Amino acid sequence: MSTIVSNSPWFLVQFKSGLKYAFYFMVISFVMGTIYGAFGGLFIEPALFATSLVGMFCILNFIFAILAAIVNSLLFIFRKGNKSVYRYFGLSLGFALVFLSYFYLLHLFKIEVF
């Protein structure tokens with residue numbers, strides 16, 4: 001029984017796209033936080049807050065992607081699964097890894113955002 005996840009070139013394309021889009025999201029949220037903070041005279045704190053807020057939502061989204069992939073894997077037993085769920089999981093995995101590494105760097109440099 002072959003699953004979609006075992007079709008690694010397709011899944012790797014989705015994963016790499018997730019990494020790329022997550023990097024774009026991180027840069028855009030940092031810039032938007034910087035612009036917001038520029039009006040109040042602060043630059044870094046609002047930028048880190050905006051990036052952390054987007055990151056928390058991406059991590060929450062990854063939890064739902066895991067649940068969706070598990071349910072979809074169970075549905076593949078009955079041949080009712082959907083390939084797009086694994087695309088969603090691959091994209092979410094890329095987002096989660098980028099933002100988890102961001103949170104790890106914040107922890108490593110002892111930067112408190114909240």
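Structural notes, computed from the coordinates.

Conventions adopted
- Residues numbered from 1 in each chain as written.
- Predicted model: local features only at pLDDT ≥ 70, side-chain atom pairs only at ≥ 80, totals over all residues.
- Heavy atoms only, no water.
- Helix = DSSP H or I, 4+ residues; strand = E, 2+ residues; numbered from the N terminus.
- Expected span 1.5 Å × (residues − 1).
- Buried < 20%, exposed > 50% of the residue type's maximum accessible area, 1.4 Å probe, protein only.
- Contact = heavy atoms within 4.5 Å.
- Polar contact = N/O pair within 3.5 Å; in protein donor to acceptor, adjacent residues only side chain to side chain.
- Axes fitted to C-alpha atoms, helices over the stretch in contact; angles between N-to-C directions.
- Left-handed = near helix turned anticlockwise from the far one by under 90°.
- Parallel < 35°, antiparallel > 145°, perpendicular 65-115°, else oblique.
- Nonpolar A, V, L, I, M, F, W, Y, C, P; charged D, E, K, R; others polar.

A word on helix α1 (residues 8–38)
Taking 1.5 Å of rise per residue, the 31 residues of α1 would be expected to cover 45 Å, and the 44 Å separating its terminal C-alpha atoms lies within 8% of that figure. Phe11, Gln14, Phe15, Ser17, Gly18, Ala22, Met26, Ser29, Gly33 and Gly37 are the residues of α1 that are buried. Contacts from the buried residues of α1 go to α2 (44–77) and α3 (83–108).

Considerations on the side chain of Thr51
Positionally, Thr51 belongs in helix α2. Accessibility expressed as a relative area gives 1% for Thr51, which makes it buried. Side-chain polar atoms of Thr51 contact the backbone oxygen of Ala47, separated by 2.8 Å. Discounting residues that sit within four places of it in the chain, Thr51 has contacts with Met26, Ser29, Phe30, Phe99 and Tyr102.

Regarding the packing of α2 against α3
Axis separation between α2 and α3 bottoms out at 8 Å; the angle between their running directions is 145°. The handedness of the crossing between α2 and α3 comes out as left-handed.

Quick word on the packing of α1 against α3
Two quantities define a packed helix pair, namely the angle between the axes and the distance from one axis to the other. Where α1 meets α3, the closest approach of the two axes is 7 Å, and the angle between their N-to-C directions is 45°. Classified by the interaxial angle, the pair formed by α1 and α3 is oblique. Like other packed secondary-structure pairs, α1 and α3 cross with a definite hand, here right-handed. Among the residues forming the contact of α1 with α3, the class breakdown is 18 nonpolar, five polar and two charged.

A few points about the environment of Pro46
Inspection of the secondary structure assignment puts Pro46 in helix α2. On the basis of relative accessibility, which here comes to 16%, the residue Pro46 falls in the buried class. Linking Pro46 and Lys20, residues 26 residues apart in sequence, is a C-alpha distance of 23 Å. Apart from residues lying up to four places away in sequence, Pro46 is in contact with Gly33, Tyr36 and Gly37.

Comments concerning the side chain of Ser52
As for its placement among the helices and strands, Ser52 is situated in helix α2. For Ser52, a relative accessible area of 1% corresponds to the buried category. In this structure the side chain of Ser52 is engaged in a polar contact, spanning 2.8 Å, whose partner is the backbone oxygen of Leu48. Beyond its immediate chain neighbours, meaning those up to four positions away, Ser52 contacts Tyr102, Phe103, Leu106, Val113 and Phe114.

Honestly, it's all geometry; don't read function into it.
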